[in-house]
Amino acid sequence: NGQVEKIDYVFKVVVIGDSAVGKTQILSRFTKNEFCFDSKSTIGVEFQTRTLTIKSKVIKAQIWDTAGQERYRAVTSAYYRGALGAMLVYDITKRQSFDHVARWVEELRAHADNSIVIMLIGNKADLVELRAVPTEDAVEFAEDQSLFFFEASALSGDNVESAFFKLLEEIYGVV
Ligand code: GDP
Ligand code: MG
């Protein structure tokens, strides 16, 4: 409608975690409210944005997606530069993706700012019958490492919005 929106803050958020846990679909659910069934592995797109209001401030979330560099230590420090938040995603049906979460936390501690806010996401919560990671294991890890935690589903959309809002609110609280 021709109105120019005044943006109070731009928050950079990075999405990390093993390959195929659903990082790109979580991002697409949050920024476009879409889930793409025939998605190829990520090609080139650096980030997506969504503008929203938190505590009456207009916040532009600039959310970065790995371009298939999920191999251990392949994500460059440029990816983490300036990031205020991280969505660390695992797949509740793939135990290995949860076992690797500790490595991803180490990566963040090594390359990202000390004050980065970390949200752990157990994705694919719609696949309850295939669950390989008990919720309590993740709750315990998150408490131990001072991470926020949600189980979510990019497919159904459950908790995707809540997780991003919680993360962005926490970032807003520390800036
Ligand atoms: P990425 O490599 O972490 O970016 O993973 P993608 O977003 O490309 O997703 C990997 C696969 O998991 C794709 O086949 C998706 O359709 C599927 N997927 C992603 N999120 C969900 C989810 O919440 N539920 C289910 N059932 N499948 C999902
Ligand atoms: Mg991807």
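Just so we're clear, the structure is a prediction, and the values are computed from it rather than from any experiment.

Enquirer: What's the story with the overall build of the protein chain in this structure? I'm lost.
Expert: When helices and strands are tallied, the protein chain shows 6 helices and 6 strands. Ordered by position in the sequence, the α and β elements of the protein chain form the string β-α-β-β-α-β-α-α-β-α-β-α. On C-alpha atoms alone, the protein chain measures out to a radius of gyration of 15 Å, which is about the 16 Å that the 2.2 N^0.38 rule sets for 175 residues. Overall, the C-alpha framework of the protein chain stretches about 50 × 35 × 30 Å when taken along its three principal axes. Counting over 175 residues, the protein chain shows a buried share of 44%. Taking contacts inside the protein chain between residues at least 6 apart in sequence as the whole, the part at least 24 apart equals 76%. Entry remark: accessible area of the protein chain is about 9,100 Å², with carbon and sulfur atoms responsible for 48%. Charged side chains in the protein chain number 20 positive and 25 negative. The centres of these two groups are separated by 6 Å.

Enquirer: Is there a simple way to explain the site of ligand 1 in this structure?
Expert: As a matter of local geometry, ligand 1 sits amid 18 residues, with Ala 20, Lys 23, Thr 24, Asp 126 and Ala 154 nearest to it. A distance of 2.9 Å separates an oxygen atom of ligand 1 from a polar side-chain atom of Thr 24. Take Ser 153: an N or O atom from its side chain is 3.4 Å from an oxygen atom of ligand 1. Computed on the free molecule, ligand 1 has an accessible area of 580 Å², of which 83% lies beneath the protein chains in the complex.

Enquirer: Where do I start with the environment of Ala 67 in this structure?
Expert: Of note, Ala 67 is situated in the loop between strand S3 (57–65) and helix H2 (77–80). Measuring from C-alpha to C-alpha, the distance between Ala 67 and Thr 24 comes to 9.5 Å, with 43 residues separating the pair along the chain.

Enquirer: Looking at this model, I keep getting lost on unusual backbone geometry. Mind explaining?
Expert: Note on backbone geometry: most residues besides glycine have negative phi, and most peptide bonds are trans. With a phi angle near 50 degrees, Asn 33 is a residue other than glycine that sits in the positive phi range. Relative to the elements of secondary structure, Asn 33 occurs in the loop between helix H1 (23–32) and strand S2 (47–54). Not every positive phi belongs to a glycine, and Lys 124 is a case in point at roughly 70 degrees. Note on placement: Lys 124 falls in the loop between strand S5 (117–123) and helix H5 (135–145). Lys 124 gets classed as partly exposed once you look at its relative accessible area, which sits at 21%.

Enquirer: What should I look at first to understand H1 in this one?
Expert: Owing to its 3.6 residues per turn, the α-helix brings residues three or four apart onto one side. In terms of burial, H1 is a largely internal element, 8 of the 10 residues being buried. Taken together, the buried positions of H1 are occupied by Lys 23, Gln 25, Ile 26, Leu 27, Ser 28, Arg 29, Phe 30 and Thr 31. Contacts from the buried residues of H1 go to strand S1 (9–16), S2, S3, strand S4 (85–91), S5 and helix H6 (160–174). Remark: Asn 33 follows H1 within two positions and exhibits a positive phi of approximately 50 degrees.

Enquirer: Help me out: how do you make sense of the pattern of salt bridges in this one?
Expert: Should the charged atoms of two oppositely charged side chains come close, the side chains can pair. Summed over all chains, the structure comprises 7 salt bridges. In this structure, Asp 8 engages Lys 6 in a salt bridge whose closest nitrogen and oxygen atoms are separated by 2.4 Å. Taking the relative accessible area as the measure of exposure, Lys 6 reaches 57% and is therefore exposed. With a closest N to O distance of 2.8 Å, Glu 161 and Arg 50 form a salt bridge.

The rules behind the values
Residues numbered from 1 in each chain as written. Chains lettered and ligands numbered in written order. Predicted model: local features only at pLDDT ≥ 70, side-chain atom pairs only at ≥ 80, totals over all residues. Heavy atoms only, no water. Helix = DSSP H or I, 4+ residues; strand = E, 2+ residues; numbered from the N terminus. Rg over C-alpha atoms; globule rule 2.2 N^0.38 Å. Buried < 20%, exposed > 50% of the residue type's maximum accessible area, 1.4 Å probe, protein only. Contact = heavy atoms within 4.5 Å. Areas by Shrake-Rupley, 256 points an atom, 1.4 Å probe, with all protein chains shown as cover. Lys, Arg positive; Asp, Glu negative; His and termini not counted. Charge placed at Lys NZ, Arg CZ, Asp CG, Glu CD. Near = heavy atom within 4 Å. Polar contact = N/O pair within 3.5 Å; in protein donor to acceptor, adjacent residues only side chain to side chain. Salt bridge = Lys/Arg side-chain N within 4 Å of Asp/Glu carboxyl O.

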